[in-house]
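# Results of the structural survey
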Amino acid sequence: MAGKSSSMYSARYGKQLEGSPPPYHPCVVKQWASKVLGFSSQYDYAGWSAHQILGEPKVFPRHGDFQGAWASSVWNTPQFIEVEFDVPVRLSSIHIYETYNPGAVVKLQGRESTGPWTLLWQTDHPTQVQESRIFSPILMEDSKMVKINQLRIDMNLSASNDWCELDAVQIVGVRDGTGSFLPVDDSQFVADMTLLVNNNLHSDVIFRVDGQSLHGHKAILATRSPHFAKMFEKEKNKVTLNLPQLTFDDLKAVFRFLYTNRLPSDVPLNRLTAICRASSIFEVPELQSAAIYKLVEGLTCDNVVSIYRQAQDDPLLDDVKSLCRKFMASNLKEMSKVSSFESLPQSVIVSVVQEATLSLCIHDNVT
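Residues numbered from 1 in each chain as written. Predicted model: local features only at pLDDT ≥ 70, side-chain atom pairs only at ≥ 80, totals over all residues. Heavy atoms only, no water.

## What to know about the overall build of the chain
Along the backbone of the chain there are 10 helices and 11 strands. Within the chain, the proportion of its 367 residues that are buried is 49%. In the chain, the proportion of contacts linking residues at least 24 apart, taken out of those at least 6 apart, comes to 74%. When the accessible surface of the chain is split by element, carbon and sulfur atoms take 52% of a total near 17,400 Å². (Helix = DSSP H or I, 4+ residues; strand = E, 2+ residues; numbered from the N terminus. Buried < 20%, exposed > 50% of the residue type's maximum accessible area, 1.4 Å probe, protein only. Contact = heavy atoms within 4.5 Å. Areas by Shrake-Rupley, 256 points an atom, 1.4 Å probe, with all protein chains shown as cover.)

## So, the pattern of salt bridges
Tallied over the entire structure, the rule returns eight salt bridges. In this structure, R152 engages D154 in a salt bridge whose closest nitrogen and oxygen atoms are separated by 2.9 Å. For the pair formed by R152 and D154, the shared burial category is buried. (Salt bridge = Lys/Arg side-chain N within 4 Å of Asp/Glu carboxyl O.)

## A word on unusual backbone geometry
Here the residue pair F60 and P61 is connected by a cis peptide bond, since its omega of 15° sits within 30 degrees of zero. Position of P61 relative to the elements: it lies in the loop between β2 (35–39) and β3 (79–100). Of note, N198 is a non-glycine position whose phi angle comes to about 55°, a positive value. In this structure, N198 sits in the loop between α1 (187–196) and β9 (205–209). Its relative accessible area of 22% is what places N198 among the partly exposed residues.

## Describing the packing of aromatic side chains
Two measures describe an aromatic ring pair: the distance that separates the ring centres and the angle between the ring planes. Applying the stated criterion across every chain yields a total of 12 aromatic pairs. Geometrically, the ring pair formed by W121 and F135 is edge-to-face, given 5.2 Å between the ring centres and 75° between the ring planes. Of the two residues, W121 sits in strand β5 (residues 118–122) while F135 sits in strand β6 (residues 133–135), which places them 14 residues apart along the sequence. Note on accessibility: W121 and F135 belong to one class, buried. Of the aromatic side chains, those joined through ring pairs into one cluster are F207, F228, F232, F255, Y259 and F282. Looking at R62, its charged tip hangs above the ring of F66, at a distance of 4.4 Å from the centre. Positioned above the aromatic ring of F80, the side-chain terminus of R152 is 4.0 Å from the ring centre. (Phe/Tyr/Trp six-rings, centres within 6.5 Å; stacked < 30°, edge-to-face > 60°. Lys NZ or Arg CZ within 6 Å of the ring centre and 35° of its normal.)

## Here's the deal with the side chain of D167
The topology assignment puts D167 in strand β8 (residues 165–174). Within the buried set, D167 has no salt-bridge partner at all; the shortest N-O distance to an opposite charge, 4.3 Å, is to K58. At 2.9 Å, the side chain of D167 forms a polar contact with the backbone nitrogen of F60. Contact partners of D167, with chain neighbours within four places excluded, come to Q52, I53, P57, K58, V59, F60, G68, A69, Y97 and T99. (Lys, Arg positive; Asp, Glu negative; His and termini not counted. Polar contact = N/O pair within 3.5 Å; in protein donor to acceptor, adjacent residues only side chain to side chain.)

## A closer look at helix α6 (residues 285–298)
Taking 1.5 Å per residue, 14 residues should reach 20 Å; α6 reaches 21 Å between its end C-alpha atoms and fits that length. Regarding α6, the residues found buried are L287, Q288, A290, A291, I292, K294, L295, V296 and E297. On its buried face, α6 sits against α4 (248–260), α5 (272–282), α7 (304–311) and α8 (318–330). (Expected span 1.5 Å × (residues − 1).)

## Things to note about the pairing of strand β10 (residues 212–216)
Note: β9 against β10, five bridges, orientation antiparallel. Across the sheet, F207 pairs through a bridge with L214, a residue of β10. From the end of β9 to the start of β10, which pair antiparallel, there are two residues, and D210 there has a positive phi angle of about 55°. (Pairing = 2+ DSSP bridges.)

## Details of the packing of α5 against α6
The N-to-C vectors of α5 and α6 enclose an angle of 165°; their axes lie 8 Å apart at closest approach. Accordingly, the angle class assigned to the pair α5 and α6 is roughly antiparallel. Viewed along their axes, α5 and α6 form a crossing whose handedness is left-handed. Contacts between α5 and α6 pair L272, T273, I275, C276, A278 and S279 from the former with L287, Q288, A291, I292, K294 and L295 from the latter. (Axes fitted to C-alpha atoms, helices over the stretch in contact; angles between N-to-C directions. Parallel < 35°, antiparallel > 145°, perpendicular 65-115°, else oblique. Left-handed = near helix turned anticlockwise from the far one by under 90°.)

## A look at the nonpolar core
One recurring pattern in soluble globular proteins: nonpolar side chains tend to sit buried together. One finds F207 and M328 to be the most contacted residues of the largest nonpolar core, which totals 61 residues. Ranked by residue count, the leading element in this core is α4, at eight residues. In contact with F207, not counting residues within four places along its chain, are Q212, S213, L214, G216, L221, F228, M231, F232, V239, L241 and F255. Of all hydrophobic cores here, the second largest spans 30 residues; its members include A50, L54, F85 and L120. (Core = buried A, V, L, I, M, F, W, Y, C linked by side-chain atoms within 4.5 Å.)

## A closer look at the environment of E342
When you line up the elements, E342 lands in the loop between α9 (332–335) and α10 (346–366). For E342, a relative accessible area of 60% corresponds to the exposed category. As for E342 and V305, which are separated by 37 residues in sequence, their C-alpha atoms are 9.6 Å apart. Beyond its immediate chain neighbours, meaning those up to four positions away, E342 contacts S336 and I349.

Below you can see the structure in the form of structure tokens.
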């Protein structure tokens, strides 16, 4: 992209939102933009065109000047883009995937078809964020009563004095037939279920791990994990778990996920690879996904080599190794200053450098 910074480095390999998807609701619709209605400008007709904003993310969680996201032709004047979604909904939330210099979005408006625009959110203070993000602003209360299938995004790029790129946009809302009712917030349910983790209230099984007792509830554990379902067929009330790769705190974190579908926010990063492995033991693949998301969120140049080494010889952790290599390739300039990077096997270093070089070559061929 001529004239634009070619920096593709970020302190972290993207970031996922905390929490989980909205609770089930029969009329909730999640949808990506399906049509571009208008825009202020676009950098080209290919890799950075306005139509790159359509559909699911192609660049996120990477941060940098990558093809696959919409970029305007200039950055020193206000910019906008208008998109359409297939199904009109009463809004619950908006999620904008910003992958280069996030923070330029200053106004969101919505409408149904050709009706008047309704203000959904606004700020007078654009910012510059140094990593990709999913921007999910708190919408104006009245906006949740408005039915929309079109969205206008206004941007002020003055904070970065550089291009700001949008990868995708998603809206979540309730289709017609339910009035203004929105999905029930499940935070209280999660809080209540969290209280049951290692709680002897109505507990009917006790696990011994590292000399410590962990209280459980058979109905919950057996429903969530085929491993526990088979175990409880033996009708044991006290079970000694021989899992040397898991500490007591690791298993407690696994239980937290089984009870609430969330991992604790304070799980140490260096224990997440062990929890990934536990997903195959307990036959809960979603546990591995949750652990990998937390790993992605916490990767830095200082810890990525250590995480890679933890996963190095385990084929079950190929996804973790791939994410680590991508992170190192996307942050090669900073990684070259980290002493532990040079301690990696030569084949890994070569692979990382090749991936970084390939990304730069693709970039240069388009400019």
